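Listed below are the residues making up each chain.
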Amino acid sequence: MAADWTLRDEQRRDAAAIGDLVRAAFDGAPHSDGTEAATLDGLRRAGALRLSLVAEQDGALVGQVVFSPVTVDGADMGWLGLGPIAVRPDRQGQGIGDALVRQGLARIAVAGAAGCVVLGDPGYYRRFGFRAEPGLMLPGPPPEYFQALILNGPAATGVVAYHPAFSAPA
């Protein structure tokens, strides 16, 4: 069955709809602290959205994914962080998130990103090639939930830090 949605780059006019989508997708999620929409706004204001894709159906947004820069031991090593990713609750489980992640990873690889990290369910992200990299660490969460995918070049080693927008209050 063909998808009834299309993927495209985020446009300026999408910001409010993306915020609504993200809030709905993370509402009540046990792993959410409720700051995901504020994080996206902060990344947008800082010009730190290296890639932001949306899934659209009949003029409405049904999914989104963002890739933003991370540092390794305080240095820009060409690595990006995936997330947040959100799919409208009534559209989850229909391949939208999968398509967003796959297209995003393909595009950042072509653009020359050295690698990508994600903090999330290992069972979900393993399908994209993510795995725990012993040399890359993110202080705080259980190590098995912090995973990496090498795209261009050798594995990085060190402590990863996400953009400061990830620490902003909701």
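Going by the structure above, here's the rest.
Residues numbered from 1 in each chain as written. Predicted model: local features only at pLDDT ≥ 70, side-chain atom pairs only at ≥ 80, totals over all residues. Heavy atoms only, no water.

Peer 1: Looking at this structure, I do not really get helix α1 (residues 15-26). What am I missing?
Peer 2: Residues spaced three or four apart along an α-helix point in a common direction, a consequence of the helix completing one turn every 3.6 residues. In a regular helix each residue adds 1.5 Å, so twelve residues correspond to 16 Å; α1 covers 17 Å between its end C-alpha atoms and thus fits that length. Listed in full, the buried residues belonging to α1 are I18, G19, L21, V22, A25 and F26. For α1, the angular spread of the buried residues around the axis is 165°, confining them to a single face. Positioned one or two residues after α1, G28 has a phi angle of 80°, which is positive. (Helix = DSSP H or I, 4+ residues; strand = E, 2+ residues; numbered from the N terminus. Expected span 1.5 Å × (residues − 1). Buried < 20%, exposed > 50% of the residue type's maximum accessible area, 1.4 Å probe, protein only. Arc of directions from axis to C-beta.)

Peer 1: Any chance you could explain the environment of V72 here in plain terms?
Peer 2: Note on placement: V72 falls in strand β3 (residues 60-72). When near neighbours in sequence (up to four residues on either side) are disregarded, V72 contacts M77, L136, A156, T157, G158, V159 and V160. (Contact = heavy atoms within 4.5 Å.)

Peer 1: Is there a simple way to explain the side chain of E56 in this structure?
Peer 2: When you line up the elements, E56 lands in strand β2 (residues 51-57). Here R8 takes part through its side chain, which lies 3.1 Å from a polar atom of the side chain of E56. Excluding residues within four positions of it along the chain, E56 makes contact with W5, T6, R8, L61 and V62. (Polar contact = N/O pair within 3.5 Å; in protein donor to acceptor, adjacent residues only side chain to side chain.)

Peer 1: Even after reading the chapter, I still don't get the nonpolar core, so can you show me in this structure?
Peer 2: Most often, soluble globular proteins have nonpolar side chains that are buried together. F67, L82, L105, I108 and F130 are the most contacted members of the largest nonpolar core, which has 24 residues in total. Elements that contribute at least two residues to this core include exactly β2, β3, β4 (79-87), α3 (96-110) and β5 (115-119). At six residues, α3 tops the list of elements feeding residues into this core. Beyond its immediate chain neighbours, meaning those up to four positions away, F130 contacts L82, L105, C116, V117, V118, Y125, Q147, A148 and L149. I18, V22, A25 and A86 belong to the second-largest nonpolar core, a separate cluster that totals 13 residues. (Core = buried A, V, L, I, M, F, W, Y, C linked by side-chain atoms within 4.5 Å.)

Peer 1: Hey, could you run me through α3 in this one?
Peer 2: Across its 15 residues, α3 extends 21 Å between first and last C-alpha, which sits within 8% of the 21 Å expected from 1.5 Å per residue. Along α3, the residues that are buried comprise I96, G97, A99, L100, V101, G104, L105 and I108. Just beyond α3, the residue with positive phi is G112, at close to 100°.

Peer 1: How should the pairing of β4 be read in this particular structure?
Peer 2: Both faces of the sheet carry side chains from a regular strand, because those side chains alternate between them. The buried count for β4 comes to nine of nine residues, which makes it a mostly enclosed element. Inspection of the sheet shows β3 paired to β4 by six bridges, in the antiparallel sense. Within the sheet, the bridge partner assigned to Q64 lies in β4 and is A86. Where β3 folds back on β4, the antiparallel hairpin that results is connected by six residues, among which D73 adopts a positive phi of roughly 50°. Once the chain exits β4 it traverses α3 before rejoining the sheet at β5, and the crossover so formed is right-handed. (Pairing = 2+ DSSP bridges. Right-handed = clockwise from strand over helix to strand, strands pointing away.)

Peer 1: How do you make sense of the pattern of salt bridges when you look at a structure like this?
Peer 2: For side chains of opposite charge, pairing can occur when their charged atoms come near one another. Within this structure, the stated rule accounts for twelve salt bridges. For D4, the salt bridge identified is with R91, shortest N-O distance 2.9 Å. Of this pair, D4 sits in the segment before β1 (6-9) while R91 is found in the loop between β4 and α3, placing the two residues 87 residues apart along the sequence. Residue D4 is classed as partly exposed on the basis of its relative accessible area, which comes to 40%. The shortest N-O distance in the salt bridge between E56 and R8 comes to 3.1 Å. Placement of the pair is E56 in strand β2 and R8 in strand β1, with a sequence separation of 48 residues. A residue is classified by how much of its surface remains accessible, and E56, at 18% relative accessible area, is buried. On the basis of relative accessibility, which here comes to 14%, the residue R8 falls in the buried class. (Salt bridge = Lys/Arg side-chain N within 4 Å of Asp/Glu carboxyl O.)

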